[in-house]
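Descriptive structure summary
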Amino acid sequence: MAEDKGKRDSVGMSMKGGQTNNGFVQNEDILETDPEPGSPEDGPQHNAVDTFGPAGPEWKDVRPYAGMPKEVLFRFSRQARYRVPREVLFWLTVASVLVLIAATIAIIAVSPKCLDWWQAGPMYRIYPRSFKDSDKDGNGDLKGIQDKLDYLTTLNIKTVWITSFYKSSLKDFRHGIEDFREIDPIFGTMKNFENLVAAIHDKGLKLIIDFIPNHTSDKHAWFQWSRNRTGKYTDYYIWHDCTRENGKTIPPNNWLSVYGNSSWHFDEVRNQCYFHQFMKEQPDLNFRNPDVQEEIKEIIQFWLSKGVDGFSFDAVQFLLEAKHLRDEAQVNKTQIPDTVTHYSELYHDFTTTQVGMHDIVRSFRQTMDQYSREPGRYRFMGTEAHGENIAKTMMYYGLPFIQEADFPFNSYFGKLDMPSGNSVFEVITSWMENMPEEKWPNWMTGGPDNDRLTSRLGKQYVNIMNMLVFTLPGTPITYYGEEIGMRNILATNLNETYDVDTLLSKSPMQWDNSSNAGFSEGNHTWLPTSSDYHTVNVDVQKTQPRSALKLYQELSLLHANELLLSRGWFCYLRNDNHFVVYTRELDGTDRVFLMVLNFGELSVLNLKEMISDIPTRVRIRLSTNSAYKGREVDTHAITLDKGEGLILEYNTRNLLHHQTAFQDRCFVTNRACYSSVLNILYSLC
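The structure displayed is predicted, hence computed values, not measured ones.

**Quick word on the overall build of the protein chain**
- Per the secondary structure count, the protein chain includes 19 helices and 28 strands.
- Restricting to contacts in the protein chain with at least 6 residues of sequence separation, those with at least 24 account for 68%.
- In the structure as shown, the protein chain presents an accessible area of about 32000 Å², 52% of it carried by carbon and sulfur atoms.

Written as structure tokens, this is what we have:
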């Protein structure tokens, strides 16, 4: 008993003094032991709180100590000086979490939609037969494109656009498709295509391809079955009875082919005429047949499953024709009907843009949307509708709540053949003023169906046109070779029998000054290289600080890094026969880019007359003449030569799109404002 009493006195002294604590020894002193039967301890159990509870006079002087039993700990934890800080910290944590959640929701709510991949950078259009030959047969191929992907990355390209490579007789060089699921052997194999897709994606790039759904080759299996009236294929094409007199076909009406003469051709196997909008070797599919629409849907799905990121649907305005087959009206009503043979001599009211055509295009969009559900794998859709007026072109954007194309391709710059400030201004404003709200523009200076920029306008306009498309709002699109200023080849000694006018802009890419311009190591090429390839080629220009290629790379880099160019407002200030002047500005920042482009003769421009608060001296951010880069110019008198352009940079808080005088001259796509404090974009501005 004396030993037990000593232990209790030790515990009592420790709790009373509260000054000294030797770890967990005290806890060992009060470990519970099994009492002897019949002993005083063999009764109702009392915990430490009972022993040293509030009733005990010594409790008031007890302080917390290490190793105290949980009963004692609970007694302390109920005291206000411990409970209140704990509750304050708890509710502060809860409040902080709620604030973070609310801030995240608010940022998401006010943030503008992120630019998608097809908006974030330029597209580069490749005619595969002319880009790079990898097997020495004189024809460019898919493996050649893969070999040159590193070059495309130096251009800051985001999207590779490859024109038609399907198995084809190469009539019209793109459109006579024999099998939509096969690669033409001239370009390689399906394995080559799959390798190319993987390599493009490994570089962080995207791939879109051409698709011409309107017609096939007359060698296509569908047409062979249709002309023999085989099962469901009987009505896969547009057939109609026509008469034959003395070996001459009398067509059902006066409809004309794009290439001239009747668009009806007699087939001796079926003993009927079939309809073709283009060449007689390219019969039109019957899109009023649901089976045809299902076939096209499956072809789209086939290529999407191969990893393709989007399509350019070509010639879509021709998908439907009027069922009544009435004659189309003549442009010149006094012309003798039998002499009407050229496509431009008729109004094509019954053979283009028929009711229901846009429903078919939207069905393409719906098919592609099924493959766009995976994050980061949005599938792009563009349409080409050559010859349409601006109002009809804008219809391909779709309706406010029904999406169609992401954008119809804008080829209007490719039709300019007389450069002037007024003509360039008209192309810009006609698109921006007619484009539906919240849609995205695009600009291209050339393509396989147009003369090259250098041949149309002159080599002095190569740099200024590249500067134009990279500083306008929207996606710039470059046809291969335009970045170095390639020109048309001369129409001599061509080995092809097709219309030479379509070949002149398809000459082999000029890589260096070796044989065949580095395009092929073979003994011949399918088309001759341009005679200027010794000086106009990639290898030469990448070492020249003032070359077209160097400026192109600087423009694409500026476009990629500047919010002013990807998100900002576009405000035009002046246009005349010489100059096009416009700004790019963004709410939330006081920096402004001012573009001054001269499409006329040597002229002097006074910017102070246009913008009263512009600084007297402004810095040149980029110039078509690299010697001026980084210099300052006097805004009272800027002298520019023909084909010269400047990107000027200055600071102001008085942005033009806020000024009443300029509000009807300003446009914005995907509007956003910049917060320099938070370094974020937001849409509520």
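Structure's up, so let's keep going.
**Concerning the state of the cysteines**
- Going through the model one piece at a time under the given rule, you end up with 2 disulfides.
- Two residues share a disulfide in this structure: Cys242 and Cys273, whose sulfurs sit 2.0 Å from each other. With the S-S bond torsion at 90 degrees, the cross-link from Cys242 to Cys273 turns out right-handed. With Cys242 in the loop between β6 (239-240) and β7 (243-245) and Cys273 in strand β10 (residues 272-275), the pair connects residues that are 31 residues apart, well separated along the chain. An identical accessibility class is assigned to Cys242 and Cys273; each is buried.
- Each sulfur of the disulfide joining Cys571 and Cys666 lies 2.0 Å from the other. Across the disulfide from Cys571 to Cys666, rotation about the S-S bond amounts to roughly 115 degrees, and the bridge is consequently right-handed. Remark: Cys666 occurs in strand β26 (residues 666-667) and Cys571 occurs in strand β18 (residues 569-575); sequence separation between them is 95 residues.
- We classify Cys571 as buried; its relative accessible area is 0%.
- Judged by its relative accessible area of 10%, Cys666 falls in the buried class.

**Some thoughts on the packing of aromatic side chains**
- Counted by the stated rule, this structure contains 49 aromatic pairs.
- Taking 5.6 Å as the distance between ring centres and 20 degrees as the angle between the ring planes, the aromatic pair formed by Phe223 and Trp239 counts as stacked. Here the residue Phe223 occupies a position in helix α10 (residues 221-227), and Trp239 occupies one in strand β6, the gap between them amounting to 16 residues.
- Exposure remark for Phe223: the relative accessible area of 1% places this residue in the buried category.
- Arranged with centres 6.3 Å apart and planes meeting at 25 degrees, the rings of Phe570 and Phe667 form a pair that is stacked.

**Thoughts on the UniProt feature "transmembrane region" (unreviewed entry) in the protein chain**
- When the UniProt feature table is mapped onto this chain, "transmembrane region" (unreviewed entry) is found at residues 88-110.
- Within the segment residues 88-110, helix and strand shares are 100% and 0% respectively, and the terminal C-alpha atoms sit 32 Å apart.

**Let's talk about the nonpolar core**
- Of all hydrophobic cores here, the largest spans 129 residues; its most connected members are Trp303 and Phe413.
- Among the elements that line this core, the one with the most residues is helix α16 (residues 462-471), at 7 residues.
- Apart from the residues within four sequence positions on either side, Phe413 is in contact with Val424, Val427, Ile428, Trp443, Met444, Thr445, Arg456, Met465, Leu468, Val469 and Leu472.
- Counting 25 residues, the second largest nonpolar core, distinct from the first, contains Val592, Leu605, Val633 and Leu656.

**Considerations on empty space enclosed by the protein**
- The final tally for this structure, using the stated rule, is 3 cavities of 30 Å³ or more.
- Roughly 130 Å³ of internal volume is contained in the largest cavity.
- Considering the residues around the largest cavity, the lining is formed by 16 residues, among which Glu384, Ala385, His386, Phe409 and Ser411 are closest to the centre.

**Quick notes on the packing of α16 against helix α18 (residues 548-561)**
- In the contact formed by α16 and α18, the axes pass within 10 Å of each other and the chain directions differ by 10 degrees. If you check the angle between α16 and α18, you find them roughly parallel. Contacts between α16 and α18 involve Val462, Asn463, Asn466, Met467 and Phe470 on the former and, on the latter, Ala548, Leu551, Tyr552, Leu555, Ser556 and His559.
- Grouping the constituent residues of the contact of α16 with α18 by class yields 7 nonpolar, 4 polar and no charged.

**Description of the environment of Asp133**
- Structurally, the position occupied by Asp133 is in the loop between β1 (123-126) and α7 (142-147).
- Classification of Asp133 by relative accessible area gives buried; the value is 3%.
- Considered as a pair, Asp133 and Glu521 are 388 residues apart in the sequence and their alpha carbons are 7.7 Å apart.
- Reaching out from Asp133, the side chain makes a polar contact with the backbone nitrogen of Asp137 at a distance of 3.1 Å.

The rules behind these values
Residues numbered from 1 in each chain as written. Predicted model: local features only at pLDDT ≥ 70, side-chain atom pairs only at ≥ 80, totals over all residues. Heavy atoms only, no water. Helix = DSSP H or I, 4+ residues; strand = E, 2+ residues; numbered from the N terminus. Contact = heavy atoms within 4.5 Å. Areas by Shrake-Rupley, 256 points an atom, 1.4 Å probe, with all protein chains shown as cover. Disulfide = S-S within 2.5 Å. Buried < 20%, exposed > 50% of the residue type's maximum accessible area, 1.4 Å probe, protein only. Phe/Tyr/Trp six-rings, centres within 6.5 Å; stacked < 30°, edge-to-face > 60°. UniProt positions renumbered as here; feature names shortened; annotations may be inferred. Core = buried A, V, L, I, M, F, W, Y, C linked by side-chain atoms within 4.5 Å. 1 Å grid on protein atoms, 1.4 Å probe; cavity = no way out; pocket = protein on both sides within 12 Å on 5 of 7 lines; lining within 4 Å. Points joined across faces, edges and corners; volume = space filled by probe spheres on them. Axes fitted to C-alpha atoms, helices over the stretch in contact; angles between N-to-C directions. Parallel < 35°, antiparallel > 145°, perpendicular 65-115°, else oblique. Nonpolar A, V, L, I, M, F, W, Y, C, P; charged D, E, K, R; others polar. Polar contact = N/O pair within 3.5 Å; in protein donor to acceptor, adjacent residues only side chain to side chain.

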